[in-house]
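# Architecture at a glance
What follows is the residue order along each chain.
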6 protein chains.
Amino acid sequence: MHLFVCLFALLFSSSSQAADFCVAKLKGAGNPAGYACRMPSKVTVDDFVYTGLGVAGNTTNIISAAVTPAFVQQFPGVNGLGLSMARLDLAPAGVIPMHTHPGASELLFVVRGKITAGFISSLANTVYVKTLKKGDVMVFPRGLLHFQINDGEINAVAVVSFSDPDPGLQITDFAFFANNLSSELLEKSTFLDDAQVKKLKKVLGGTG
Amino acid sequence: MHLFVCLFALLFSSSSQAADFCVAKLKGAGNPAGYACRMPSKVTVDDFVYTGLGVAGNTTNIISAAVTPAFVQQFPGVNGLGLSMARLDLAPAGVIPMHTHPGASELLFVVRGKITAGFISSLANTVYVKTLKKGDVMVFPRGLLHFQINDGEINAVAVVSFSDPDPGLQITDFAFFANNLSSELLEKSTFLDDAQVKKLKKVLGGTG
Amino acid sequence: MHLFVCLFALLFSSSSQAADFCVAKLKGAGNPAGYACRMPSKVTVDDFVYTGLGVAGNTTNIISAAVTPAFVQQFPGVNGLGLSMARLDLAPAGVIPMHTHPGASELLFVVRGKITAGFISSLANTVYVKTLKKGDVMVFPRGLLHFQINDGEINAVAVVSFSDPDPGLQITDFAFFANNLSSELLEKSTFLDDAQVKKLKKVLGGTG
Amino acid sequence: MHLFVCLFALLFSSSSQAADFCVAKLKGAGNPAGYACRMPSKVTVDDFVYTGLGVAGNTTNIISAAVTPAFVQQFPGVNGLGLSMARLDLAPAGVIPMHTHPGASELLFVVRGKITAGFISSLANTVYVKTLKKGDVMVFPRGLLHFQINDGEINAVAVVSFSDPDPGLQITDFAFFANNLSSELLEKSTFLDDAQVKKLKKVLGGTG
Amino acid sequence: MHLFVCLFALLFSSSSQAADFCVAKLKGAGNPAGYACRMPSKVTVDDFVYTGLGVAGNTTNIISAAVTPAFVQQFPGVNGLGLSMARLDLAPAGVIPMHTHPGASELLFVVRGKITAGFISSLANTVYVKTLKKGDVMVFPRGLLHFQINDGEINAVAVVSFSDPDPGLQITDFAFFANNLSSELLEKSTFLDDAQVKKLKKVLGGTG
Amino acid sequence: MHLFVCLFALLFSSSSQAADFCVAKLKGAGNPAGYACRMPSKVTVDDFVYTGLGVAGNTTNIISAAVTPAFVQQFPGVNGLGLSMARLDLAPAGVIPMHTHPGASELLFVVRGKITAGFISSLANTVYVKTLKKGDVMVFPRGLLHFQINDGEINAVAVVSFSDPDPGLQITDFAFFANNLSSELLEKSTFLDDAQVKKLKKVLGGTG
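Described below are features of the structure shown in this document.

Cut-offs applied
- Residues numbered from 1 in each chain as written.
- Chains lettered and ligands numbered in written order.
- Predicted model: local features only at pLDDT ≥ 70, side-chain atom pairs only at ≥ 80, totals over all residues.
- Heavy atoms only, no water.
- Pairing = 2+ DSSP bridges.
- Helix = DSSP H or I, 4+ residues; strand = E, 2+ residues; numbered from the N terminus.
- Contact = heavy atoms within 4.5 Å.
- Axes fitted to C-alpha atoms, helices over the stretch in contact; angles between N-to-C directions.
- Buried < 20%, exposed > 50% of the residue type's maximum accessible area, 1.4 Å probe, protein only.
- Polar contact = N/O pair within 3.5 Å; in protein donor to acceptor, adjacent residues only side chain to side chain.
- Disulfide = S-S within 2.5 Å.
- Buried area = accessible area lost by both parts, 1.4 Å probe.
- Salt bridge = Lys/Arg side-chain N within 4 Å of Asp/Glu carboxyl O.
- Nonpolar A, V, L, I, M, F, W, Y, C, P; charged D, E, K, R; others polar.

Attention now goes to the sheet that holds strand 4 (residues 95-100) of chain E. The five strands lie next to each other as 7-6-9-4-11 (chain E), forming an open sheet whose pairing is antiparallel. Both edges of this open sheet fall to strand 7 (127-133) and strand 11 (170-171) of chain E, since each of them pairs with a single strand only. As judged from the two bridges shared by strand 4 of chain E and strand 11 of chain E, these two strands associate in the antiparallel manner. When the sheet's bridge partners are listed, His99 of chain E is paired in strand 11 of chain E with Ile171 of chain E. Contacts from helix 3 (residues 183-190) of chain D reach strand 4, strand 6 (114-120), strand 7 and strand 9 (146-150) of chain E, with the element oriented near 85° to strand 4 of chain E.

Dropping the structure here:
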């Protein structure tokens, strides 16, 4: 058997990488396929485990909700593997505002409480809304606007998974009102009233 | 040479499809990769040519602009080929309102006039805006909010290409205000004022 | 605004499908990209919601565990969207036996209890094992052997997500012992003893 | 164990397709991802075995060579699996003329004899040519012009594999001279002399 | 709202890259997915805008035509985004000679003038030729031989887009005659006459 | 013609890389798409040729067989090209034990001798076994367990190709018995007897 073992060892003896996984080196520059891989010899089981979703997010904020991501930036072990996760905490009346993930579809699993969720299709702007109870799953197709609201009486918790290690997150309100996009351009391109724009820019820290 | 020709003919004699192209049968059911292919024997050069972008779109409307698509639904020849096109016409002050393409990046080439275009990244909501002149090209990365405005004094024309035969188009205003999404849910998930929501629902034909 | 609405409606008027989603017609024949799409006009929100993971699987069986899948076959809404889910229930000492998913990576989130999980790399056969507590996440790279064991004292529950709507599941024991693969070929190709093979074939219903 | 077996059977009981494979139904219409799948229940081991490469191709033709493909059209079992094969037979002085595979890279393994092979890069038109002996492997990157010539004294045989089930084959001579492309357009777009064009059109059966 | 803003900032605080885009660092080594990304903090709107297509190419050359690319090498902003562009200028009788793009499909939009374009399928070498007028679009499937000729009386201009940031360009004449590929190998693999080969090698600078 | 040549040279003058190929720099860190590219100017034809498969593997070992890979680690020229190869040598009664390739499908071509090969589907654990003779081809779908046995009387040789430059190789026996996975966890997750586990751990060098 000795020779066989040697043969096997030989098989990858000149290899600096396995196809198996590619734990991200976040400090280096990424590329269109993700981040560079750490050397497998330096990888341990802790690179494949993430403990950050075990703690409830702080919902003492204006949306009464929190998103705790386990994307490749927080969890380098998912680099190149085509998926990631996040935890949602929503206090009663809490809301994850209307948003998209530019690069991924999403599956939501309700761990606790009751969540009303919905998305809007690009075809005829059809709305798909449903109130989900514990154990229900809902899918949000890639790139489409969607939201989640806790309309129960207890804190709600959900685990969401994505079809990409780096799904991105574009909250419409933040994209519109939390930067220096000029009110003039924003109003022309959204038909929102000047008063509305200025009010939300003030709340969300936008200028212009 | 006769035998060689026969050999070659033989090579694909049992084939009902070539890898070369897959002109869409739009009537049939699609699948995640696109539409089913028409039989190559029924395909002619006209399946690979689209003449609909040669005519200016009608900009006598509230946005003073028009989008004329050459997506797979209009131009079945691009099915499975990873790209499509559209023509933008913008009268002076015309605007293509804030929108996303859920499944594609976009390149815009200014054929005529002057267009101010911009997109918003999901990272820190950074705004990238530029006034483009004839001949300029701008890229809008997949899934991100962007807009185009004609701030010149003549009609502007642009040709835009996409990285997918079926890029989709989700105009935020339509997604928010042109359907039956309840004002309550919309207001909770966007922080927009009730008056603003009801005003735009009325304009865009929304209910609820 | 009327003209604008018309313009928008026109945009997809000849379209029988949107890029947004592709709810599976399971009765029809699939293809390498998944299943054919149902017509969007027949799709409702219930096609995007799956309630089957809300119920605990029956663990009164030899492995004291259960896998409840929400793959495309159970949840047609994920067709073409690059992800799926499942629920794991493990009674104390329950085990999801050594297995692979031929076409997907997996993320496991512990909803309840304590799970010891591990996978084996193809590079030098390195073992990555960890005991996970409630809220921990572990990733299992695509195609690699892995297992989960409840070594706590209460029932454990996990939600697992996959990077494909149809990840497949190949349990090594079933692949070896629950079919008509001849004992001779199996023993030659696994070095397992004849007595061991025959014992497990008997338990798992294999012949040959 | 009975319950466990039942559980497993249940897992896919409503499934009409496995992720494992997708043997092509060649008679039906294909789609951009390949052909529709045959029902797994009708698939046998013979769908995964192809015997057509065991017989030498007939090299009694003008190129003294033959290509015997095992593409998806001949070997439906490779549908959706990302690879295919072919056998090359070259009598002494035989040649596989300059050609491309529009959709695949190629690996050539010399089974017998001596083959001079080469490809031309698109970057600076660099030529990569080598005389290969039995057991040598050469890779031809996707879409680039390449050729193979037997410059040994015995029949040469090679097995070539492709990175796609349907790699396509475009022999430049046939593309130029074996159809009805007008001599005028051909000469303008290739700078070839009229006499040369007409000579080869005659040999290869072209018109125009 | 302050807490919410903090929360959002936190979301990507440890991130050195966004999924949104990946502007190429051309100086570094590329990889199969493209080039490494520049740090987003160093990216400005000018990285997403390319002005090089606004100027007519110089057509005072033997083909009376010019190709001005906006591929990833000229326009680093398209890196990883699945598309690129180029401008074609053709003086009367100008020609873009027979060529392929090894890695991309192409869409051509006629901005000015009249262009006769065609491609040749690998299936039975069928020719698809059409004379296009201003505003017409034609698609050339990936990897197939195609050409464009100005047979109008004014300069023609076209914008072409590709399904890849780095489509490549292999002009058959250059691949055959503009390098050191030996005349012997070239003649054997193309059936072209020695006089023809030597004539074009001389014109195009080839040796051997 | 001089100007045309210059034009062409200009086209890629600022380019440090072509789309054509990406010969791997194995010393550098890989990424999810493969390895970084060597500069094309340093690449020669020898980077596209591999001679290591011309020599029979040493079968004087416990399995009476040898696998000689031409994966990206041995043959850097295949990096990014979607395929690789290996050579199998099997002395009489030699066996390539039950294994998977986590990231690739496989095609096997019998060059010499007689090989019994089989794979097991994940759907109902169906076994597909066949005795292959010289010239036969068999496909093994990605990620599924399979094996090869020489049950002829002469040495058998096969060439196998993969749908990935880095297919990986997980031999079940080595994954189970050639590392430090504890006997307790292994037995619980495989139902193998303790004596069987300890016997094979001893033979294959495992501990725990």
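The next thing to look at is the side chain of Asn179 of chain A. With respect to the helices, strands and loops of the structure, Asn179 of chain A is situated in the loop between helix 2 (172-177) and helix 3 (183-190). By relative accessible area, Asn179 of chain A is classed as buried at 7%. One polar contact links the side chain of Asn179 of chain A to the main-chain carbonyl oxygen of Asn125 of chain B, over a distance of 2.9 Å. Among residues more than four places away in sequence, those in contact with Asn179 of chain A are Phe174, Lys201, Gly206 and Thr207 of chain A together with Ile120, Asn125 and Val127 of chain B.

It is worth spelling out the pairing of strand 9 (residues 146-150) of chain F at this point. Residue and element names in this part refer to chain F. Within strand 9, five of the five residues are buried, leaving the element largely enclosed by the surrounding structure. Burial along strand 9 is two-sided: the face carrying His146, Gln148 and Asn150 and the face carrying Phe147 and Ile149 are both buried. Both strand 4 (residues 95-100) and strand 9 contribute to a ladder of three bridges, which runs antiparallel. Across the sheet, the residue bridging to Val95 is Ile149, located in strand 9. When strand 6 (residues 114-120) meets strand 9, the two strands line up antiparallel, connected through five bridges. Bridged to Phe119 within strand 9 is His146.

This brings us to the state of the cysteines. All names here are of chain B. Under the defined criterion, the tally for this structure stands at six disulfides over all chains. One disulfide bridge connects Cys22 with Cys37, the sulfur atoms lying 2.1 Å from each other. Its S-S torsion of approximately -100° makes the covalent link between Cys22 and Cys37 left-handed. Of this pair, Cys22 sits in the loop between helix 1 (2-11) and strand 1 (49-50) while Cys37 sits in the loop between helix 1 and strand 1; the two residues are 15 residues apart in sequence, bridging distant segments of the chain. The two residues Cys22 and Cys37 agree in class, both being buried.

Glancing now at the interface of chain B and chain E. Taken together, the contacts link 53 residues of chain B with 53 residues of chain E. By the criterion of area lost to chain E, the three top residues of chain B are Asp20, Leu123 and Tyr128 of chain B, representing 13% of everything that side buries. Where chain B packs against chain E, one counts two salt bridges. Elements represented by at least two residues in the side of chain B that touches chain E include exactly strand 1, strand 3 (84-90), strand 5 (106-112), strand 7 (127-133), strand 8 (137-140) and strand 10 (156-162) of chain B. Counting residues per element, the side of chain B that touches chain E draws most heavily on strand 7 of chain B, which supplies five residues. Of the residues belonging to the side of chain B that touches chain E, the class tally is 31 nonpolar, 14 polar and eight charged. The pairing of strand 8 of chain B with strand 1 (residues 49-50) of chain E spans two bridges and is antiparallel. In the strand pairing of strand 1 of chain E, Met138 of chain B is matched with Val49 of chain E.

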